[in-house]
Amino acid sequence: DIFSQQSAHDLLPLVQQAKLLAKQYDAVIANPPYMGNKYLNLNLKTYLKKNYQGYEKDLFSAFMIRDLQLTKESGQLGFMSPFVWMFISSYENLRAHFIDHATITSLIQLEYSGFDGATVPICTFTLAKAHITGFTGSYIRLSDFRGSENQAPKTLEAINNPDCGWFFNAKPDDFKKIPGSPVAYWLSSLMLNTFEKHVKSTTIANSRAGMTSGNNDFFTKQWFEVISQDIKIDSEDVNDALNSKKKWFPYNKGGAYRKWYGNISLVIKYDSKNRDLLKNTGNHCASEDCYFKEAMTWTDLTSGHLGARFLPKGNIFDIAGHCAYPVIKNGHLLALGMFNNKFINTISKVINATMHFQPGDFRKLPFPKIFNNSDSVIDLVRKCIALAKLDWDSYETSWDFTENPIIRMGQPNLEQAFNTWQQQNANAVAEMKRLEEENNKLFIDAYGLQDELTPDVPDEQITLTRADREKDSQRLVSYALG
């Protein structure tokens, strides 16, 4: 009848679309749509979760899996997409699929400003639908070449000259050696093998995330903003803190990039009354069993370099100031030496490519399996802590401050006092540089990476405060007024 004919005619475009989608192709090329989970409408979110579970975090991830289904077993694929899938944990399933069930044959990682007028993390890559065991792919890293005008010329230069320094060969199967399988194509085989050859950092220290108060303006202050008699800085544990009847306790919240010791200036209300309030806000006093214990700590938000510090007993810790507690004797000191060495700083960007380094990321770090010089490391770490503490305590923001360092020099006039302080400061920086380079050498040797890394530490990575004529004069006036 006419109605049936009309219905069939209306269905014809859908049938044609279905036939196209049912076909398989020799080559599939796509720039799939990018849309994160939080922007998806309910229908699309439900559909992805039902049909693309494990790949539903972003629309481009699901599209890539669908494109693989559109490809013949002997087919090839080409994509342009955000490069977040290469590193971030939420795309681990996608990486695993590419590595185990397909083959990454080539990849170009563009610099963030690789497109004119946009700052986006983009890569372009090719896949073979079938998995080829032991296949060696070609990779080009353009991260050091800012600007859209440099991307194409530097790519062609790398293709024509593989020894240029930004062209790499890597086996996708080897990425599985790293926890989470990040596509770390620029790491040497020696560096990749450290993850298999050595033990996890959890053998020496246990990392934990701390408290979120839910209302920092109410619960936290700088230590000098409250009555000092109400502060207890040396609590042994929660019971000791509560039984002291004190109101304020040291609160470790991470802070600026600084190594070995420091960033200890906040206090938090944690008497019985306020503890009950904290239990009902934020993340409800997470990891409370670790409060007040001696630890290693680092700031969650990094600026390109990791920097860990010794955290003395008596501190509660925040979710922005993660901690690692010893599993073996002095394990937190060994962890501190490991965390502040050159190799770990290199691979931290592989384990987590974001600006946040989490407790889970710490657990993935390799610690040298046979470390014959652990006593030497602990001795070095203690010396670094002492130097950094002396530096931190030279300023009024430390509660262990006793005397302005320029006055402490005991010189007959201000000029000589400052010059003496400046020299002492320079000597401390030089000594810290020597100690850090010695620590680097111990770990580089233990990892077997002597041919890969040098122990050198740039001056700007020594985080002691430098003498400054203007600032030190201001601090002296402040001290004199006090």
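To be clear, the structure that these remarks concern was listed above.
This one's a predicted model, so the numbers in the text were calculated from it and none came from an experiment. (Residues numbered from 1 in each chain as written. Predicted model: local features only at pLDDT ≥ 70, side-chain atom pairs only at ≥ 80, totals over all residues. Heavy atoms only, no water.)

## Let's talk about the overall build of the protein
Point 1. Of regular secondary structure, the protein possesses 16 helices and 16 strands.
Point 2. For the protein, the spread of C-alpha atoms along the principal axes amounts to about 105 × 55 × 45 Å.
Point 3. Residues classed as buried in the protein amount to 46% of the 482 residues present.
Point 4. Across the protein, every contact between residues at least 6 apart in sequence was considered, and the portion connecting residues at least 24 apart equals 72%.
Point 5. Element-wise, carbon and sulfur atoms account for 53% of the exposed surface of the protein, whose accessible area totals about 23800 Å².
Point 6. Of the side chains in the protein, 52 bear a positive and 54 a negative charge, and the two mean positions are spaced by 5 Å. (Helix = DSSP H or I, 4+ residues; strand = E, 2+ residues; numbered from the N terminus. Buried < 20%, exposed > 50% of the residue type's maximum accessible area, 1.4 Å probe, protein only. Contact = heavy atoms within 4.5 Å. Areas by Shrake-Rupley, 256 points an atom, 1.4 Å probe, with all protein chains shown as cover. Lys, Arg positive; Asp, Glu negative; His and termini not counted. Charge placed at Lys NZ, Arg CZ, Asp CG, Glu CD.)

## Some thoughts on the sheet that holds strand β8 (residues 205–208)
Point 1. An order of β8-β15-β12-β13 is seen for the four strands of this open sheet, with the pairing classed as antiparallel. For this open sheet the edge positions go to β8 and β13 (308–311), each flanked by a neighbour on one side alone. Averaged over all pairs of adjacent strands, the angle between strand axes in this sheet comes to 30 degrees, irrespective of strand direction.
Point 2. Sheet topology places β8 next to strand β15 (residues 321–326); four bridges connect them, and they run antiparallel. Following the sheet pairing, arginine 208 is matched in β15 by cysteine 323. (Pairing = 2+ DSSP bridges. Axes fitted to C-alpha atoms, helices over the stretch in contact; angles between N-to-C directions.)

## Notes on the side chain of aspartate 58
Point 1. One can find aspartate 58 in the loop between α2 (42–51) and α3 (59–69).
Point 2. Despite being buried, aspartate 58 has no salt bridge partner; lysine 38 is the closest side chain of opposite charge, sitting 10 Å away.
Point 3. Looking at aspartate 58, its side chain comes within polar contact range of the main-chain nitrogen of glycine 36, at 3.5 Å.
Point 4. Not counting residues within four places of it along the chain, the set of residues in contact with aspartate 58 comprises Pro33, Tyr34, Met35, Gly36 and Tyr91. (Salt bridge = Lys/Arg side-chain N within 4 Å of Asp/Glu carboxyl O. Polar contact = N/O pair within 3.5 Å; in protein donor to acceptor, adjacent residues only side chain to side chain.)

## Considerations on empty space enclosed by the protein
Point 1. Overall, the coordinates contain one cavity of 30 Å³ or more when judged by the stated rule.
Point 2. As a volume, the largest cavity reaches approximately 30 Å³.
Point 3. Considering the residues around the largest cavity, the lining is formed by Tyr261, Ile264, Trp392, Asp393, Ser398, Trp399 and Asp400. (1 Å grid on protein atoms, 1.4 Å probe; cavity = no way out; pocket = protein on both sides within 12 Å on 5 of 7 lines; lining within 4 Å. Points joined across faces, edges and corners; volume = space filled by probe spheres on them.)

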